[in-house]
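So you can see what is in the structure, the chains are spelled out below.
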Amino acid sequence: MMEVLSGLGTGFSVALTPFNLMLVLGGCFAGTLIGALPGIGPINGVAILLPIAYGLGFPPESALILLAGIYYGAEYGGRISSILLNVPGDAGAVMTTLDGNPMARNGQAGKALSLSAVASFVGGTVSVVLMSLFGPVLASFGVKFQPSDYVALMVFAFACLASLVGSSPVKTLIGALIGLMLATVGVDANTGVQRYSFGIPDLLAGIDFLIVVIGLFGMAELFHLVESQVRGRLSTVPIDKSFVTWADLARTKWTILRSSLIGFIIGVLPGTGASVASAVAYGTEKRMAGAGGANFGKGDIRGLAAPEAANNGSAGGALVPMLTLGIPGSGTTAILLGALLMFNVTPGPMLFAQRPEIAWGLIASMYIGNVALLVLNLPLVGLFARMLTIPQHYLTPLIAILAFIGIYSIVGNPFDLYMIIGLGVFGWILRKLDFALAPVILGFVLGSLFENNLRRALSISGGDWRILFSTVDSLVLYALAVAVVVVPIWLSRRSRRFAAVAEDE
Amino acid sequence: MPDRIFAAALAVVTLIYGALAFFVISAPFQYDPLGPEAWPRLLSVAMLLCLIGLLWRPATRDFDVDGPSWARLALVLALLVGYAVLFQPLGFILSTALFAAITSRLLGAAWPRAALFGVLIGAGGYLLCVGLLDLNLPAGPLPRL
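Each value, and the rule that gives it
- Residues numbered from 1 in each chain as written.
- Chains lettered and ligands numbered in written order.
- Predicted model: local features only at pLDDT ≥ 70, side-chain atom pairs only at ≥ 80, totals over all residues.
- Heavy atoms only, no water.
- Helix = DSSP H or I, 4+ residues; strand = E, 2+ residues; numbered from the N terminus.
- Rg over C-alpha atoms; globule rule 2.2 N^0.38 Å.
- Areas by Shrake-Rupley, 256 points an atom, 1.4 Å probe, with all protein chains shown as cover.
- Lys, Arg positive; Asp, Glu negative; His and termini not counted.
- Charge placed at Lys NZ, Arg CZ, Asp CG, Glu CD.
- UniProt positions renumbered as here; feature names shortened; annotations may be inferred.
- Salt bridge = Lys/Arg side-chain N within 4 Å of Asp/Glu carboxyl O.
- Buried < 20%, exposed > 50% of the residue type's maximum accessible area, 1.4 Å probe, protein only.
- Core = buried A, V, L, I, M, F, W, Y, C linked by side-chain atoms within 4.5 Å.
- Domains from an automatic or database assignment.
- Contact = heavy atoms within 4.5 Å.
- Buried area = accessible area lost by both parts, 1.4 Å probe.
- Expected span 1.5 Å × (residues − 1).
- Bend = angle between axes of the 7 residues up to and from the residue.
- Polar contact = N/O pair within 3.5 Å; in protein donor to acceptor, adjacent residues only side chain to side chain.

Named according to an unreviewed UniProt entry, chain B is Tripartite tricarboxylate transporter TctB family protein originating from Amaricoccus solimangrovi.

Taking an unreviewed UniProt entry as the reference, chain A is identified by name as Tripartite tricarboxylate transporter permease belonging to Amaricoccus solimangrovi.

**Q** Looking at this structure, I do not really get the overall build of chain A. What am I missing?
**A** If you tally the helices and strands in chain A, you get 18 helices and 2 strands. Against the 2.2 N^0.38 benchmark of 23 Å for 505 residues, chain A shows a C-alpha radius of gyration of 22 Å, consistent with a compact globule. Projected onto its principal axes, the C-alpha coordinates of chain A cover approximately 65 × 60 × 50 Å. Carbon and sulfur atoms make up 67% of the accessible area of chain A, which totals about 18100 Å². The centroid of the 27 positive side-chain charges in chain A is displaced by 7 Å from the centroid of its 25 negative side-chain charges.

**Q** What is the right way to read the UniProt feature "transmembrane region" (unreviewed entry) in chain B from this model?
**A** Residues and elements named next belong to chain B. Following the UniProt record, the feature "transmembrane region" (unreviewed entry) maps to residues 6-26, 38-56, 76-102 and 114-133 here. The span residues 38-56 is 100% helix and 0% strand, and its two end C-alpha atoms sit 27 Å from each other. Secondary structure across residues 76-102 comprises 100% helix and 0% strand; the distance between its end C-alpha atoms is 10 Å.

**Q** Can you walk me through the pattern of salt bridges in this structure?
**A** As a working rule, side chains carrying opposite charge can pair if their charged atoms are close by. Residue and element names in this part refer to chain A. Counted according to the given criterion, the structure contains 11 salt bridges over all chains. When the shortest N-O distance is used, the salt bridge between Glu227 and Lys432 registers 2.9 Å. Within this pair, whereas Glu227 is found in helix α8 (residues 209-229), its partner Lys432 is found in helix α16 (residues 414-432), the two being separated by 205 residues in sequence. Of the two residues, Glu227 and Lys432, neither departs from the other in class, the shared state being buried. Note that Asp300 is salt-bridged to Arg302, the shortest N-O span being 3.1 Å.

**Q** Help me understand the nonpolar core in this model?
**A** Nonpolar side chains in soluble globular proteins tend to be buried together. Membership of the largest hydrophobic core comes to 199 residues, with the highest contact counts inside it found for A:Ile80, A:Leu84, A:Phe209, A:Phe404 and B:Leu80. At 15 residues, the largest contribution of residues to this core is made by helix α14 (residues 356-386) of chain A. Two domains each provide a minimum of three residues to this core, namely domain 1 (2-56) and domain 2 (67-132) of chain B. If you look at the next biggest cluster of nonpolar residues, it comprises 6 residues, including A:Ile266, A:Val276, A:Ala281 and A:Ala310.

**Q** Which parts of the structure should I look at to understand the interface of chain B and chain A?
**A** Many analyses report the size of an interface as the accessible area lost when the parts associate. Contact residues are listed per partner, giving 64 residues for chain B and 64 residues for chain A. Both sides together, the interface formed by chain B and chain A hides about 5600 Å², and carbon and sulfur atoms give 79% of it. Three residues, B:Phe6, B:Leu34 and B:Trp39, lead the burial of chain B against chain A; their summed loss comes to 13% of the area buried on that side. Taken together, the links from chain B to chain A amount to 1 salt bridge.

**Q** Would you mind going over helix α3 (residues 42-55) of chain A with me for this structure?
**A** A turn of α-helix holds 3.6 residues, and therefore any two residues three or four places apart point the same way. Residue and element names in this part refer to chain A. For α3, with 14 residues, the first-to-last C-alpha span of 20 Å sits near the 20 Å given by 1.5 Å per residue. Leu49 marks where α3 bends most, by close to 35°; the proline Pro51 follows one to four residues later. For α3, the tally of buried residues reaches 12 of 14 residues, placing the bulk of the element in the interior. Where α3 is concerned, the buried positions are Pro42, Ile43, Asn44, Gly45, Val46, Ala47, Ile48, Leu49, Leu50, Pro51, Ile52 and Ala53. Following α3 by one or two positions, Gly57 has its phi on the positive side, about 75°.

**Q** I would appreciate a short explanation of the environment of A:Ile390 in the present structure.
**A** Residue and element names in this part refer to chain A. With respect to the secondary-structure elements, Ile390 resides in the loop between α14 and α15 (392-411). Under the relative-accessibility criterion, Ile390 is labelled partly exposed at 24%. Separated by 73 residues in sequence, Ile390 and Gly463 place their C-alpha atoms 59 Å apart. Residues within four places of Ile390 in sequence aside, it is in contact with Leu37 and Leu395.

**Q** Whenever I open this one, the side chain of A:Asp248 confuses me. Can you help?
**A** All names here are of chain A. Structurally, Asp248 can be placed in helix α9 (residues 246-268). Residue classification places Asp248 among the buried residues on the basis of a relative accessible area of 10%. Among the polar contacts made by the side chain of Asp248, one reaches the side chain of Lys111 at a distance of 3.4 Å. Among residues more than four places away in sequence, those in contact with Asp248 are Lys111, Phe243 and Ile301.

What follows is the structure, given as C-alpha cells:
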C-alpha cells in the first residue's frame, strides 16, 4: 500500500507540473475534437495524432502524458458521433449507439451526452484506481517471468484474441499472423541477416511502427469515408437543452459501477478491449433488468450508461498488462505500447522499478485526464458537436494531410508516404472483408517480443522444446489459453441446448 | 467468394514468404538453436493452416462496392499518389494546396470554396506545423520559414 501511495506521489509530482498539466488538457481537447469527427474512432484518432506528438520532441513522460490525454479524449469524442449521428467511430462504440441515438431522437440529446460523460468519468476513475492498486502487484509477479513464460503469455494473448475479438476466430488469427509477418521484415537483430527487405534500403530497419498504424488505421479510414460518402448523407440530431439529473444518476449508479468493473476485468485480459467490454456490460444489464428491460434499444438510460462505463473501464484495464508485462490489452494500447518503444522505454515488469516517473506519471495523468474530460465536456459539448457538421469533402483531404505531415516529419523520407498509401488500401480491403484491424497491430507490436523470447528460451535449454512447458506459470497460462477458447464454445452450445429444450416444452 | 479470392492471394504471398524462409534465409554462422529462419517458417505454416480454414469455410458474402464508389476510390487513390510524388519537390505549401483544392472539389465542394480551402490549409498548415510546432516539412521552391 505504501508503495502505491509513494508511487502516486511521484506520479502526481510529474503530472502536475504546469507543462504536463497543459499537455493533459491539450491532449484531451485535441483527442475529443478528432474523436468527434464522424466515423473516426479513438484508435484512428490516436493513430493520426501519434506521429505529430512524437515529432514535437518532448521528453518521454510528457509525450506519453499527451498521448494518454489524446487516447482518453478520443474515447470520449467518439461517443458524440455515436449518439448524435448513429455512426460509431469504432467497434467499442457500437453498443453506445443502441440506446444513445434513440435517446437523442427522443429529444434527450443533451441528457444522453452528459450522462455518457458522467458514466465515462466513473468508469475511467474506477479503472484507474484499480490499476494503481493491482498494477504494481502484477509487476512484481511478472519480474520472475522467464522467456519461456513469456512465450506462454503470448499464446494466452493470441488465444484471447481469437476467441473473443472479431467476427470469426480464423479471420482474427489471420489478422494477427499478418501483423507477425510484417514484423519480420528487416535485419534480424540477433544475427544481422536480412529478412524480406529485398535489398530496399528503406526496409532494412524494418517497417516503422508508425507507418503501419497510420496506414492501417488513418489511411484505411480515409478510403472507407470516401466509399461511404457516395451512399447518401448523414443526418445529425441537434443538441437540445436537456441535461442529466440526479434522479437519472441514482437510477443508473449500480449499472455504472457494475459495468465499470466488468470493463476493467475484460480490459485486463490481453487482446480484448472496449468492444468486448461494452458488449458484455450491455448484455449483463439487459439480462439483469429482466422484464423492466423492454425499453433497451429504444432509449433506456441504463443501456447508454452501461457500455459507456465499461468502455472507459476497459481503457484503464487494458493499460495494466501493457505497463506491467509489456503485453497490450487492446488495439489502442498496442499503439501506446509502440509509442513507448519509440521512446526507448520498454514496458514490462521492470518499468515500475526503473522508470517510475513514466509508469506513475502516466497513471497520475489518467486521474487528471478523467477530471479534465468531465470539466471540458459538460460545458463544451456543443463546440465538439460542431465537428460533426464538417462536410466530408473537407474532412477527407484533411485526414490525408494530417497523416502525411505526421509520417513525413519523422524522418523526412518520401518512401514512407507510398508505404502508408499501400497499407491504407490493404487495410481498407481487410475492413471490407470483416477482418478486425486491431489483431494486425497487436501481432505487429508483439512480433519481435514473441520471437525473441522463443529464441532466448530455446538457447537457454540448448534447443530442447520441453523448456516451454517447464514452469508452473507457463502451464497455468496454457491452461487459461485452452479455457478461454473452450469456455465460450461450451457456453454457446449450452445456451443453444437450453433454447432447444425450451422450444420442446 | 471475396473471402476465397483474398485467401488465395494471401496464400500465394505466404508461399513465397515460406519459400524464402525455408530455402533462402540462413545465417552464415550462429550459436543459438533457432536462427533467423525458424520464426518465419513457423509463421508461414500457421498462416497456411488458417488460410485453408478460410478457404474451406468463407464468411463474407459479397464485396459490395458499386460503380461510382469504385471510380471515386480510384480517383482518391490517384490523388494521394500524386500528392506523395509532389510532396517533396513542390514543398508542403504548394502540394498541399493543390491536393486539398482538387480533392475537395472532386468530392463535392464548389470551385471558389475548394480553392480557398486549399490555400488556407497549405499556408496555415505550414505556419502552424513549422512555425509553431517546429516539425520537419519540405519547403520546396518557396523560401524556408
